[in-house]
Structures are given as C-alpha cells and as structure tokens.
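If you want the building blocks of each chain, they are given just below.
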Amino acid sequence: MPCLHTESLSSLPVEGRYGVTSTHRGSQGSRSKSGKKRKNGEKGARVERNDSEKEQSVITSAGWFFTPLWNPGAKTQRLGFRMGRESERVKAWLDDHSDSARSYFSRSSRYWVNGCVERAQTAQTLITEPRSRMTVLGRRRVSHPMCGPYRGILHPTTMKRPHSFFSVHQINNPESLDFSPCVSRSTCLPYSLSSSRPAGQCRRVKSCNFMMRLIGGPNRPLQNKNIRLQVLQHLCEITQAQSCCFSMTTVDKTGVKCLGPVFQSNEESVYDYTQAEWDKCIMGYVVSTGRPLNIRDVREDPRFQIELYETGEETPKSILSVPILNHKKEVIGVIMAVNKSRRGTCVDSCFSEQDEKVLSSHMVLFGLILENSQLCESSEQESKRNQVLLELAQLVSHDYPSVDDMLSKLAAVILPVTKAQFCTIFISDDSSTGPFSRMVHIEVTNRSVQYSTRDCDTSDISYMYAVHVQNSMETLNLVNRPPQISKVPQIRSLIGTPLRGKQRGVCQIVNKRNVALAETEVFSRADELLLEDFAVYCALGLQNFNTQQKADKTRARLAVTNEVLSYQISVSQEEIHDLEESVIPSADALCLLDFGFSDFEMSQTAMAQAVVRMFLDLNLPQDFRFDYKTLCQWVLSIRKCYRNNVVYHNWSHALRTAQCMFVMLQTKELKSNFSSLEVLALMIASLSHDLDHRGVNNSYIERSNQPLAQLYGHSSLEHHHYDMCLLILNNPGSQILSSLSLKEYWACVQMIEKNILATDLAMYIEKRTKFFKLAQNNSFLWKDEGHRELLRSMLMTASDICAITKPWPVQKQIAELVATEFYAQGDREKYEFNIQPISVMDRENSSRLPQMQVDYIDGICSPLYEALASICESCSPLKEGCRRNKKQWQQLVDSRKEEESLKMKRHNGEREGV
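Conventions we followed
Residues numbered from 1 in each chain as written. Predicted model: local features only at pLDDT ≥ 70, side-chain atom pairs only at ≥ 80, totals over all residues. Heavy atoms only, no water. Helix = DSSP H or I, 4+ residues; strand = E, 2+ residues; numbered from the N terminus. Buried < 20%, exposed > 50% of the residue type's maximum accessible area, 1.4 Å probe, protein only. Contact = heavy atoms within 4.5 Å. Areas by Shrake-Rupley, 256 points an atom, 1.4 Å probe, with all protein chains shown as cover. Salt bridge = Lys/Arg side-chain N within 4 Å of Asp/Glu carboxyl O. Core = buried A, V, L, I, M, F, W, Y, C linked by side-chain atoms within 4.5 Å. pLDDT = per-residue confidence, 0-100. Axes fitted to C-alpha atoms, helices over the stretch in contact; angles between N-to-C directions. Parallel < 35°, antiparallel > 145°, perpendicular 65-115°, else oblique. Left-handed = near helix turned anticlockwise from the far one by under 90°. Nonpolar A, V, L, I, M, F, W, Y, C, P; charged D, E, K, R; others polar. Phe/Tyr/Trp six-rings, centres within 6.5 Å; stacked < 30°, edge-to-face > 60°. Expected span 1.5 Å × (residues − 1). Polar contact = N/O pair within 3.5 Å; in protein donor to acceptor, adjacent residues only side chain to side chain. Pairing = 2+ DSSP bridges. Patch = residues over 30% accessible without salt bridge, like charges linked within 9 Å, V, L, I, M, F, W, Y side chains within 5 Å. Lys, Arg positive; Asp, Glu negative; His and termini not counted. Charge placed at Lys NZ, Arg CZ, Asp CG, Glu CD. Disulfide = S-S within 2.5 Å.

## Quick word on the overall build of the chain
And step 1. A count of helices and strands for the chain gives 25 helices and 18 strands.
And step 2. Residues counted as buried form 49% of the 914 residues belonging to the chain.
And step 3. Put simply, of all contacts in the chain between residues at least 6 apart along the chain, 68% involve residues at least 24 apart.
And step 4. Here the chain has roughly 46200 Å² of accessible surface; of this, 50% comes from carbon and sulfur atoms.

## Topic: the pattern of salt bridges
And step 1. Summed over the entire model, instances satisfying the criterion amount to 26 salt bridges.
And step 2. Residue Arg643 pairs with Asp692 through a salt bridge whose shortest N-O separation is 2.8 Å. Of this pair, Arg643 sits in the loop between α13 (628–640) and α14 (651–665) while Asp692 sits in the loop between α16 (676–688) and α17 (698–703); the two residues are 49 residues apart in sequence, bridging distant segments of the chain.
And step 3. When salt bridges that share partners are traced, they join Glu678, Glu785, Arg788 and Arg792 into one network.

## Structural notes on the nonpolar core
Nonpolar side chains tend toward joint burial in soluble globular proteins.
And step 1. Membership of the largest hydrophobic core comes to 99 residues, with the highest contact counts inside it found for Phe615, Trp634, Met664, Met683, Ile684 and Ile752.
And step 2. A total of 10 residues in this core trace back to one element, the largest contributor, which is α14.
And step 3. Once residues within four sequence positions are removed from consideration, Ile752 is found in contact with Ala681, Ile684, Ala685, Tyr722, Cys725 and Leu729.
And step 4. Grouped together as the second largest cluster of nonpolar side chains are 34 residues, Leu392, Val403, Ala420 and Leu499 included.

## Digging into the confidence of the model for the chain
And step 1. For the chain, per-residue confidence averages 76 on the pLDDT scale, and 70% of positions sit at 70 or higher.
And step 2. Contacts for the low-pLDDT stretch residues 1–83, under 50 throughout, to residues beyond four places or in other chains number 154 contacts.
And step 3. Every residue in residues 308–313 is under pLDDT 50, and counting partners more than four places away or in other chains gives 11 contacts.

## Here we look at the packing of α14 against α16
And step 1. For the pair α14 and α16, the least separation of the axes is 7 Å and the interaxial angle reads 155°. The angle between α14 and α16 falls in the class roughly antiparallel. In terms of crossing hand, the pair formed by α14 and α16 is right-handed. Listed contacts from α16 to Trp651, Ala654, Leu655, Thr657, Ala658, Met661, Phe662 and Leu665 of α14 are Val679, Leu682, Met683, Ser686 and Leu687.
And step 2. When its residues are assigned to classes, the contact of α14 with α16 shows 11 nonpolar, two polar and no charged.

## Examining the packing of aromatic side chains
And step 1. Tallied over the entire structure, the rule returns 12 aromatic pairs.
And step 2. Between Phe426 and Phe436, the ring centres sit 5.4 Å apart and the planes meet at 45°, which makes this aromatic pair tilted. Taken as a pair, Phe426 in strand β12 (residues 420–428) and Phe436 in the loop between β12 and β13 (438–445) lie far apart in primary sequence, 10 residues in all.
And step 3. Relative to Trp782, the ring of Phe780 has its centre 5.0 Å away and its plane inclined at 85°; by these criteria the two rings are edge-to-face.
And step 4. Among the aromatic residues, ring-to-ring pairing joins Phe426, Phe436 and Tyr463 into one connected group.

## Quick notes on α13
And step 1. Over its 13 residues, α13 runs 19 Å from end to end, which matches the ideal 18 Å to within 8%, given 1.5 Å per residue.
And step 2. Across the 13 residues of α13, 10 count as buried, placing the element largely inside the fold.
And step 3. All of the buried residues along α13 are Thr630, Leu631, Cys632, Gln633, Trp634, Val635, Leu636, Ser637, Ile638 and Arg639.
And step 4. If you check the start of α13, you find a side-chain oxygen 3.1 Å away from the backbone N of Lys629, and it comes from Asp627.

## Section: the pairing of strand β11 (residues 331–340)
And step 1. Judged by how many residues are buried, β11 sits mostly within the fold: 10 of 10 residues are covered.
And step 2. Relative to β11, strand β6 (residues 241–251) runs antiparallel, the two being bridged by seven bridges. Bridge assignment links Cys245 to a residue of β11, and that residue is Met336.
And step 3. Summarising the sheet, strand β10 (residues 319–325) and β11 pair through seven bridges and their orientation is antiparallel. When the sheet's bridge partners are listed, Leu325 is paired in β11 with Val331.
And step 4. Linkage of β10 to β11, two consecutive antiparallel strands, is achieved through a turn of five residues, within which Lys329 is found at a positive phi near 60°.

## Concerning unusual backbone geometry
And step 1. The phi torsion at Asn619 lies on the positive side, around 60°, for a residue other than glycine.
And step 2. Inspection of the secondary structure assignment puts Asn619 in the loop between α11 (604–617) and α12 (620–624).
And step 3. Even without a glycine there, the phi angle at Asn778 is positive, about 55°.
And step 4. By the secondary structure assignment, Asn778 is in the loop between α21 (761–776) and α22 (785–800).

## As for helix α20 (residues 742–757)
And step 1. Look at α20: 23 Å from first C-alpha to last across 16 residues, which is about the 22 Å you get at 1.5 Å a residue.
And step 2. Residues of α20 that are buried include every one of Tyr745, Cys748, Val749, Met751, Ile752, Asn755, Ile756 and Leu757, and no others.
And step 3. Summarising the contacts, the buried residues of α20 are in contact with α16, α19 (716–729), α21 and α22.

## Examining a positive patch on the surface
And step 1. A contiguous patch of positive charge on the surface is contributed by Lys502, Lys550, Lys553 and Arg557.
And step 2. Summarising the element assignment, Lys550 is placed in helix α9 (residues 525–569).

## Quick word on the pairing of β10
And step 1. With respect to burial, β10 is a largely interior element, seven of its seven residues being buried.
And step 2. Covered by surrounding structure in β10 are Ile319, Ser321, Pro323 and Leu325 together with Leu320, Val322 and Ile324, the residues of both alternating faces.
And step 3. Note: strand β9 (residues 293–295) against β10, three bridges, orientation antiparallel. Across the sheet, residue Leu293 finds its bridge partner in β10, namely Ser321.

## Remarks on the environment of Gln811
And step 1. Relative to the helices and strands, Gln811 is located in helix α23 (residues 808–833).
And step 2. Overall, the relative accessible area of 2% leaves Gln811 in the buried class.
And step 3. Leaving out residues up to four positions away in the same chain, Gln811 has contacts with Ala803, Ile804, Lys806, Gln853, Asn885 and Trp889.

## Section: the state of the cysteines
And step 1. For the coordinates displayed, the defined rule picks out zero disulfides.
And step 2. The thiol of Cys875 is unpaired, and the distance to the nearest cysteine sulfur, on Cys872, comes to 4.8 Å.
And step 3. For Cys875, a relative accessible area of 1% translates into the label buried.

## A short note on the side chain of Thr249
And step 1. Along the polypeptide, Thr249 turns up in strand β6.
And step 2. Residue class for Thr249 comes out buried when judged on its relative accessible area of 13%.
And step 3. Sequence-distant contacts of Thr249, defined by excluding residues within four places in its chain, comprise Lys257, Cys258, Leu259, Val287, Val331, Ile332 and Gly333.

## A word on the side chain of Glu371
And step 1. Mapped onto the elements, Glu371 comes out in helix α6 (residues 353–396).
And step 2. Polar contacts involving the side chain of Glu371 include one to the side chain of His327, which spans 2.6 Å.

## Overview of the environment of Cys507
And step 1. In this structure, Cys507 sits in strand β17 (residues 504–514).
And step 2. Considering only alpha carbons, one finds Cys507 and Ala539, 32 residues apart in sequence, at a separation of 9.9 Å.
And step 3. In this view, Cys507 contacts Thr424, Ile425, Ile495, Gly496, Thr497, Leu499, Leu531, Phe534, Ala535 and Cys538; residues no more than four positions away in its chain are not counted.

Below you can see the structure in the form of structure tokens.
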C-alpha cells in the first residue's frame, strides 16, 4: 500500500467519515457505512463492548486515526463528556470546528491506545521503544508533518497477489520497484530516541531510502553487527513482524549448498543462534525451492516441525520467508519474518500477500547489498591473506637459534588473524619411532608469545587428531566437540592440516574466540585455507632450519678439515730453516733468464731456490713487505701440494711454467707496462695453477662424477687449484699477502683467480679470437683494462704450454711424459667406463704421437705465440722454439710415412714374387 498523505476533512465524502474497520489475528474486517448525518439532539446507537473479547476494532480513515470516540454510538463519557444536551452541543461544536477537533483527537488517541494496551490481557510483549508505541496517525492537513507511523491493514481478500521476484535490472529504474506503504518511526521524535539509522520513508513506487543508503555506504551488513540490527529491525517494521531471521548460503567441501550462521533480530538486538538441519527447517525449504513461503499457522503445516523454532518464551505462528537473489538470480540468502502483530494492540495477524510483495521488493536491493558485501569481504580476506603470507615469507628467511623460536614467530602472525586460542605444531624427525617426536604449543597472551615444547602423549585427544590428519593427509575441521580429557585446554573447535614435502608434521589451531561475545566460534573455510598456507611456510621454515643446521655442521667439518690439511701441507721447520739459511744462486747460474730452461738436472732444493730467486729479482718481497722466511715457507708448501705420483702435472711443470712467466715479465714491454701487483698475481698464479692435480682432465672428472665436478660444475680442476692456492696463502706462516691493504688484497686475489682459470684450454679457445684480432689489427691498448686482462690470460696459457718451445731433447722428453699421463687416463676410461678414449689418450695410437704433436702445434701453440710476439717482440723466442719443434715432429712424421711406404712396397713385391 502506498504511504498516504493527510487530507482535509472537506475532501472526504460524508458517507466515508469513519473509514475501514480491521482486526488482528486474521479477523474479517468489515467496512461500516454511517447513515446520514443525524440532527442535533439525536443519539447514536451505542455499541456494547465485551471486555473478554480478544479482538478489538480500530477505525481508520484514509490518512489519519479515529478512535471509537468518533463513532456516533460510542460512549462519550469515556473521555469525560457529560450526557444529555451538553454532549450534543459538544458534538455539534466539533463538527463545525474540524481543525481544532483534529488536533485534540490526535493527542487524545495516543492516551487511549496506551490504555487499551495496558488493559489487554492477551498481550504477549510490550514494545519497549518509545517511538514504537505511536502506532496511529491523526488526521491533519497536508501542510502538517506526519507525527506517527501509519499502520493500516487491508484484508487479504481485498488485495491482488503480487509477483514474488523482481529482476535486479529494475534497479536501473527505481520507480518500477513496489515498496511497502511503511513510514519510519516518527520524525517528530528526537533522533536519539530512534534507532541508529536515519529516519526515512518507504514508498510504493520509490526506492527505499534506508536500503539505498546501504548500497553506497561504507559499512557491510555481513560484518557490521549494528548494520545487521538496523536491516533486520527495518524489515520487522515494514512487515510488522515480532522478529526477523537472516542467513547466507554457503558451500561445504563437498560442493553442497547449505545455510551459514543464522542471525535473528527483535526490536532491540541482533544475535546468532544454531540452526537445525536445513532440510527440516523453513529457511532451508525456501533456499532449496527458491520461492517465497507464507504460512498462516506453522503448527497446522505438516511440512515443518514447529519444535525447531520453539523458544522458551513463545511459539511462532505466522511466518513469511523470502529468498535473496543475486544478479544471476541465484539464491544467496534467505530472510524469515516471524509472528506478525499489529503494533500497539494485543491482536495477532498473519502475513498478507502485500507483505510478501513488500519483503520481496526489499530483497532486490538487499541482494545487491549482500553481493557487494561478499565481494568486499573476499577482497579484504585476500588482502589480509596476502599480507599474512608476505609476513610469513619474511620470517622464514631469518635465522633462528632454535626451531621453537622460529615456529613461535610464525604462529604469532596467524593466531590474531584466525582468532584462535592457541596453535600446536607436531614435528616428526627421522629419528622418531612414532608418528611424531615432539610438539610445540604456542599461545599469544597480552600481546606476548609464549611457547613450550614437550613430548607427545599418545593418550591426548589433540595427539589423536594430529595422527588422523597425518595419516589422511587432509585438512580436518571440528566444531563443538564435547569436553575431552586432554592436557591442553578444552577443545571446542579445531583445524588440523598436514605439513607437506620432505618435512612431516601437523599444524593445529584450536578454539576460535569471539572476544566481544566471550564465546567460541566456528573456523571458516578462509581459516582453513590460511592454515594450509601457514603449514607450507612451517614446512619451509623447518626445512630451512634443518638445512642451516647441516650447513653449520658442514662448515664445522670444513674447519676441522682445514686444520688437518694445514698441518699436512705445512713443511717442517728444519726444511724452512735450511732454505732460509741457504745461499740462493743467481738467475744466470740457474739459467732462469733463458726460454730454454730445463729442470731435469736440478735437485728439489735447487728448484725451491730458483723460485725464491725469481721473486727476489722481481723485487716482490721489497715491494709488498713480506718476510723472507714467510716466502720460503710458502714456496715449500707449494711444492708439497703437488702430487709426486703424477707423471707430468707435478712440481717440475709448475717450476717450468713460473720460469717462463718470469722470463716474459723481464722483457721490456711487459716490465714497463705491468704493475708490481700484476706481476705478483702472475707469479703466484703460474706457480699454483696445477696444485693438487690428479693426472686426469676435466672431462674425466665430470664423467666419473667426482665431488670436484659436483662442487664446481665447470673448470673443476682449475677452481680446485685456485682454492688450494688460497688455502696456502691463508695458512699460518705462508701468508705472503698479509701486508697488502684490503683493496690491494682483493684486487690481487681476483687476478690470481682469473689467471688460474685461464689455463683451462676451453677458456683459452673462447678468448683467443678477440686477442688474435687485437694483435692482427695492432689495436692492443695498454691503458684498456680489458685488453690487459686478456693479455694476462694469454700469458698464462703461453707459460702453461711452454714445453713446446723448449730445445728439442727437452721437448721430446716432456711430450713423452704428457703422452704417458694421457694414456693412463685412456686406460682408466676403457676399464672403468667401458668407453673408447679420444685418440690422444688411446695407447693404441702411440705410434701417431708425432702427427698429434704437429696438429697440437698448428691448432693451439703457433697462433698464440705469433700473436704474442706481435705485441711483445721480446717474446719472439717462444715463437721460434715452437717453429723448430714443429719441424722436428714433422720430420718424424715424414720418416714414418717413408717407412710405411717401403713396407708396403716390400709387401707388394713379396706377393708378386709368390
């Protein structure tokens, strides 16, 4: 029905002065027509009022209230009027002064209604809010504001049944929505006496102001209890219901739609209560059918069990339940209004078709509000979840002194979000015989985290739940568990989820608390997902902690190994003293300035003295202020770290490489352009470039999957040589770099590393193209650090393969040593890996050594020495020595070919003679 404005008395027809009579509890209202206006002095028929009747008639006009006083047959003495002529005169005066009468009866009607309510014996409850007692409206002019809510009710037979559902697209045209003829509580009352929402009007062809404000408002009905109270009270008001219930639909793990928490509101408060099985309740029926349900008397409807709705105070009778739809016309909730009663009277009634239409119309907007609320809630939950995950990720990356401390830090993040009372994490170790080895109990009290660690008790109920989760590997959500015998506080609600991955265990959070209501709530699906994410980070944290512990133990073992190795690589004090006290021959006496240097005839002592002489002649001890005894100990330690059982890559090879580098550094081009730090790095690298060589190449190291290959990946031997070099440099008594500044030290160490790695022929082949172009174009720049680094790498390779430049007897002897080492590796590959080695390592190709040497010179050696000679002319003897040795090897190849040719001729001649 529309909200009607007041009309003037003159606009009403004479016959319709007394309006319509209606009753509560579904009584049949009858329209009473008054007779013609009686003359003055004529008495109206009096109506006998039976006090024992449960029904009371209320007479209304089109816009304002008439009490029974206005009935010509009413007893005027009830309002203090005298009988007889005096009463007739008063009535005549009232007819002539309608304005004054309207104001008077508007005030008087309130007192009469209050008295009627107090005298009613069948009234169940009183409306406690002052504004709710003003249930009738006096008739007044259009200019007068409405001072009370209109409560006109038509008999259901006089109305047409409205449509139950409205499309959400009607919101684009609010005029098409048909809202109830309800008016909010008196706007004349102070705002503080009304409900928390602003007063407004619900009109038939206009949008509900209260609901429209909620659509664009910042508050969300699902989260704000005050907003839920306002909405449900508004629905109670427009339907004149004693209470209203509201519930949202949810989907469980199995995908079945079910009702969520149910909120019920009366005039004063909103609270939640436990809903029965939804297939047996009215709200569930409405959700399942998707249609409104209007029941006049629930007790007479065989489809429902009224005991599900019984409370300690009263039994529901009339019920109106309407589904809430989203924009896809899917049911997302349900509203149920219980027990319609006319406010201010003691008469009950049933919900009409108009009430159903009004409630359905409001649910169109309420569906939008709820859907928007769900989107906001999902967005906020996701934002909160992301924030929690980010904080957990940051905490996992930290170092902790113990597992308990780490888990307590992680649990302190999730406990406030899930509102859980405490968190328990069950941990399983490899050494544990049962499902779990121990448990960590974490609880946040007074903003402080308290945790304790104890052994697991197999009789504890929480332990039993954890074992179930561990065995099923699925999340467990328990609700309203009965009291159990447990060492932990009483379990009312619990979520348990397993740790996944290598780390085994279970995470539990127990008893979701509602601080405001001081009671335990149910953990939601969002809490389950958050706990599952928390379990992932717990597993990562435990794995990270275990890895860190293993790394610490590995570092401890490495430190012990270094101590043992330092002792093994350290030489005796007697050897150090002998070298320190010995007279070091000159470079000329040791032939150190000759590219044809050979160590075959030198003793071990002379070889150590030669290294000391090279460092002294380069002024390195003087430039870098390292002690002479330290130099002697370092040289002897280097010699000791080369393996004696290796045929070629041994101490002699290291000395030849260092001597070749020493000669090149004495040339005018390199001596004038290289700094002392570069010279020191080159000499240390050349002497250390094959430390602890095993007599095999990188290919064999990788193929045999040795620890060196696992440790370094590529250039395994060269990386190992560099690590051994640093070990000796840092060994007490051998620290020749100790006097360098920090900047000089790191610069020197970096150059040493690059120089040693450059001795890998794979690295040489990768870099030589650029170097050859610089030499060919004569574009090498000494001031370019990149060019200088490239030159240092080429010098290391030139020194490493300098045996190819030695005099022929020395070169041939060294080539045979190299071949012997290569053949030994080839034999191991055949027998250990059952593979065919490359030709240079196949012993069956030993007769082809001269040809392989020629190929080696043409492919590796000659291009390098030619490019080096074009930049440093003083290095030309290396190029010439390489050329002479190639000629020697080529002669051997040619002579071998002649021998094979003669053999073929003899063989053919013998065959012809036969």
